[in-house]
Amino acid sequence: MFKILKYSFYDLTRSRWLYIYGAFYLLLSASLLWLGGGLSKAIISLMNIILVLVPLIATMFGVMYYYNSREFTELLLAQPIRRSHIFFGQYLGVACSLAISLLLGVGLPFVLYGIFSSSEIWNFSILLLVGLFLSFIFSAIAFFIALRNENRIKGFGLAILVWLFFAVIYDGLFLLALSMFSDYPLERFAIGASLFNPIDLSRILILLKLDISALMGYTGAVIQNFMGTVLGMACSLGVLLLWVALPAWGIKRVAVRKDF
Amino acid sequence: MITIENLHKSFGKQEVLKGVSLKFQSPGITAILGPNGSGKTTLIKSILGMALPGQGTIRFQGQDIKGGWAYRRQIDYLPQIARFPENLTVQELLRMIQDLRGGQPDAEPLIRLFALQPHLGNRLGNLSGGTRQKVNLVLAMMYDSPVLILDEPTSGLDPVATQRLKELLRQEKEKGKYILVTTHIMSFVEEMADEVVFLLEGHVHFRGGLQELKEKYGASSLERAIARILEEGELGFSSNGHGEKAAQLVLRGA
Amino acid sequence: MRKTTLIFTFLLAFLATQAATITVCPDCEYSSISQAIASAGAGDEILIQGGVYQEGNILVDKPLRLKGEGWPVLDGENETEVLTVTANGVTIEGLVVRNVGTSYLEDRAGIRMRRVRDFAIRGNRLENTFFGIYLEHCSDGLVSNNILEGQAREEMSSGNAIHLWYCKRMLVENNQVRGHRDGIYFEFVDDSRIRHNISEDNLRYGLHFMFSNDDDYFRNTFRRNGAGVAVMFSRNINMWENRFEYNWGRAAYGLLLKEIYDAEIRNNVFLENTIGIYVEGSTRIRYRYNEFSRNGWAMKMSGGCLDNEVRANNFLYNTFDLSLASAPNNNAFDGNYWTDYSGYDLGRDGVGDVPYHPVKLFNYVVNRTPEAMVLLRSLFVDLLNFSEKVSPVLTPADVADNAPLMQKLNFSKDKPAF
């Protein structure tokens, strides 16, 4: 599996898109830091972008890489290699290269700006951590979708739809539900509903670190009591891990049963 | 070596293999023939575990291949269409396969045989079809495995390379290997094959030696014999017109 | 009036130098402050040298000057009040007052002035006093350059650092107070000034200000207080050049205004407060040249706010610029700079051509359904706000800055003369 990962990664490091992606973050972070004014402001702005863009790019990249590496995959399938290793290797190759782009693109400017000697280091770390999680989650979902759909157009469409659902539609339904049942205590519902969407969960984790919880009144207090503690944090990260594991398990299931 | 029992395979509603049973027990070159869509490639992919049987079993050295992967160490496979990661160079691809598969391949003589030295540093995306097929051949044959499965080995090759390939296959056969070849080139079959498997409409229509085939259909050449088979098929399956089409396709290759 | 106070103070000081000096130290003829006071005459100076004096409650009932040298410590041993002054014209300086006992029944203090005038409390250090400096029914007094450090844990069992009740013409300046219930407490205090103080890390309010009229406070810093600063039920208050910062918590604000009439709020900085200014039922307040930076809400106005003017302020990177609980009455929001403003200025006169609407749709949603705050900064909410911006349906269209500035105001340059 690690050999496949290595070659997928190696293959991707020659892809222009990965560099564009990394360079984009580099430019963005640098301009937010030096032109936008300050670490905490930059972290908040970056959060807005990372929460939308990381899942989108991971989804697109995952689908694209799967379809573009069909030849490679077929070559590998005839080799004495376990099937699940082939697909996990490729998936991890994509996820890792995206993660490294993000890590370098966002990390370098912040390190140069002096994040290590700043009190914002934890906020920044959680932002990066969440970004990495989202890369792994959404590229896994993308791989799963691509594996299930031989038709590229259909696969792309479905993947974008899934992204759109988690990035926008879910929150719309969430808000609708909240305002429809606003007469009932909804704190638990709010926590529960955010666990089912990795983007929401990530956003709330960062917001809690940035102490926006103070803005959230009673709801904020309940959420803070749940997710703000070490246990809650571990729980949230556990759910994020589950969000990686679930599509990964799907990849294995589909991969083992698929004809090539 | 390879035993296939009652193999069924369908893709969606389309049934490609309808109960194929075959045994490969003695070394030599077996040509798998049949019109397009007769299930040749599906049969090969089933043996390799790339397509999963709907029904029936495939045994390799007595072991059911279901869920297995290590048995593929014993098989060298030449895929029909040579498609590789475009960003890699030939050298890197060779090294990668060696790394993934392990063992001690010997690519040097093959590279010399197909005169690939000048292309080693080129990206696979920039190679011509013929050159790619040569790379494909090197990749498939650099290991010295007991089973060799070649899907359309001559496609895109120039006459010199084709000649060298034939020579190579003869040598491999001498070593006592099991060699399965699908092809549309009848002269190649006549020249090389010890045995013919003819697939039609998902069934094994004929299996036996070349001479046997010619005699059975009272034909002087392989081409004629196949034309006869397809004519028969046309009578039998005239309702769908498949036989005629298939005959044209097969004969075009001849 | 204040001038006469000062002159009187100087006069007293002058008189004191003329008068006798009684030295107190552990090995002196007078080893007790109470003894020294008992034998002193009016206008004498009592020079207290370094040492620890545990004398319980010391009563000062003559116009004396109590001066510490080498930081003598007056220790209440966590039992009693330390200094109680009942005579006019007393000066207390250079003392360390320590360990006043907590009481749930009486408001014990480090230094209490009761019904006196023309006094000065200067350059003292109060540590672990329940109430620090407690002034009741006083006038024409000075409280300056004192440092008050409390160890307040909960509101019920803690007192205020500088506590003024029914006072007139007081000056509270250059003090540093921290760790009390309220930093500075004003109730029924008129014609007074609070300036250059730092009040931080208090449990409740940095400044608690009620039923007090015609007062000024300026150049103070209120930082990390539990609930910020509360100014309530008062008239004619000037609040200039103060800093309200890091008051961050569920019910915290930089400044709470409740039932305030006719106030000037100018050149203040509100930095990283949950709510910069929370206004309830206040009328004729003029907000000018303030900077609201990185607050949760820069301003939150609930019912009954009439004729307020918010002009020429900077609103920088607040999560919400403005929240209104009800339909506003006759408040003006023109001529401010808003970082969220995305309009254009074709005329190049520095004023945006399209109005800015500081109330966002999401804000409106959150007021109705507080739980919706979990969706803060989500893409959906951004889209929602954007669509509302393009065509307002729910947000009040008349709450608008009709002349939003294109450039941030530079207050150090544009600052007017006071």
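Read on for an overview of the structure. (Residues numbered from 1 in each chain as written. Chains lettered and ligands numbered in written order. Predicted model: local features only at pLDDT ≥ 70, side-chain atom pairs only at ≥ 80, totals over all residues.)

As for unusual backbone geometry
Residues and elements named next belong to chain C. Keep this limit in mind: Numbering of helices and strands runs from the N terminus, with a helix taken as a DSSP run of H or I at least four residues long and a strand as a DSSP run of E at least two residues long. In this scheme every C-beta is placed from the backbone, and a residue whose C-beta has 20 or more other C-beta atoms within 10 Å is buried, one with 12 or fewer is exposed, and one in between is partly exposed.
Although it is not a glycine, Asn78 sits at a positive phi angle of roughly 55°. Looking at the secondary structure, you find Asn78 in the loop between β6 (73-75) and β7 (83-85). In this structure, Arg219 takes a positive phi of about 55° despite not being glycine. Structurally, Arg219 can be placed in the loop between β23 (215-218) and β24 (221-223). Judged by the 16 C-beta atoms lying within 10 Å of it, Arg219 is partly exposed.

Quick look at the interface of chain B and chain A
Using the following cut-off: What counts as a contact here is a pair of residues whose C-beta atoms, placed from the backbone, lie within 7 Å. Ten residues, namely Ala, Val, Leu, Ile, Met, Phe, Trp, Tyr, Cys and Pro, are considered nonpolar, four, namely Asp, Glu, Lys and Arg, are considered charged, and the remaining ones, Gly among them, are considered polar.
Residue-level contacts link 20 residues of chain B with 19 residues of chain A. Broken down by secondary-structure element, the contributors of at least two residues to the side of chain B that touches chain A are α1 (40-48) and α2 (90-101) of chain B. The leading source of residues in the side of chain B that touches chain A is α2(B), at four residues. Classifying every residue of the side of chain B that touches chain A by side-chain character gives 13 nonpolar, one polar and six charged.

A closer look at the arrangement of the chains
Where two pairs of chains are in contact, the pair with the most contacts is made of chains A and C. There is a clear gap between chain B and chain C: no contact, and 37 Å between their nearest C-alpha atoms.

Notes on the nonpolar core
The condition is simple: The term nonpolar core refers to a group of buried residues, namely Ala, Val, Leu, Ile, Met, Phe, Trp, Tyr and Cys, whose C-beta atoms join them within 7 Å.
Ranked by internal contacts, the top residues of the largest apolar core, which has 168 residues, are Ala140(A), Val138(B) and Ile149(B). In terms of residue count, the dominant contributor to this core is helix α6 (residues 121-148) of chain A (17 residues). Each residue touching Val138(B), except ones within four places of it in the same chain, is listed here: Ala107(B), Leu110(B), Ile111(B), Phe114(B) and Leu116(B). Core analysis: the next-biggest nonpolar cluster, separate from the first, contains 99 residues, Leu83(C), Val116(C), Tyr134(C) and Phe244(C) among them.

Focus: the packing of helix α9 (residues 198-209) of chain A against helix α11 (residues 230-257) of chain A
Residue and element names in this part refer to chain A. Let me state the cut-off plainly: In this description, a line fitted to the C-alpha atoms serves as the axis of each element, helices being fitted only across the stretch in contact, and the angle between N-to-C directions of two axes falls anywhere from 0 to 180 degrees. Here the angle decides the label: under 35 degrees means roughly parallel, over 145 means roughly antiparallel, 65 to 115 means roughly perpendicular, and every other value means oblique. Helix crossings fall into two classes, left-handed where the near helix is turned counterclockwise from the far one by less than a right angle and right-handed where it is turned clockwise.
Running from N to C, α9 and α11 cross one another at 150°; their axes reach a closest spacing of 10 Å. Considered as vectors, α9 and α11 are oriented roughly antiparallel to each other. Seen along the crossing, α9 lies across α11 with a hand that is left-handed. Counted together, Pro198, Leu201 and Leu205 of α9 and Ser236, Val239, Leu240 and Trp243 of α11 form the full contact between these two elements. Across the contact of α9 with α11, the residue classes break down as six nonpolar, one polar and no charged.

Structural notes on the interface of chain A and chain C
How big an interface is tends to be stated in terms of accessible area lost as the parts join. Taken together, the contact pairs 32 residues of chain A with 22 residues of chain C. Broken down by secondary-structure element, the contributors of at least two residues to the side of chain A that touches chain C are α3 (39-68), α7 (152-180), α8 (187-195), α9 and α10 (217-227) of chain A. With eight residues, the single largest contributor to the side of chain A that touches chain C is α7(A). Among the residues forming the side of chain A that touches chain C, the class breakdown is 18 nonpolar, eight polar and six charged.

Some points on the sheet that holds strand β4 (residues 55-60) of chain B
As a reminder, the rule being used: Between any two strands, at least two bridges found by DSSP are needed for them to pair.
The strand order across the open sheet formed by four strands is β2-β1-β4-β5 (chain B), and the pairing between neighbours is antiparallel. Strand pairing shows two members of the sheet lacking a second neighbour, β2 (14-24) and β5 (63-64) of chain B, which therefore form its edges.

Details of α8(A)
All names here are of chain A. Convention followed: The arc in question is the one traced by the directions running from the helix axis out to the C-beta atoms.
Turning to α8, its buried residues number three or more, namely Ala190, Ile191, Ala193 and Ser194. When α8 is viewed along its axis, its buried side chains cluster within an angular range of 165° and face the same direction. Facing away from the buried side of α8 by more than 90 degrees, the exposed set consists of Arg188 and Gly192.

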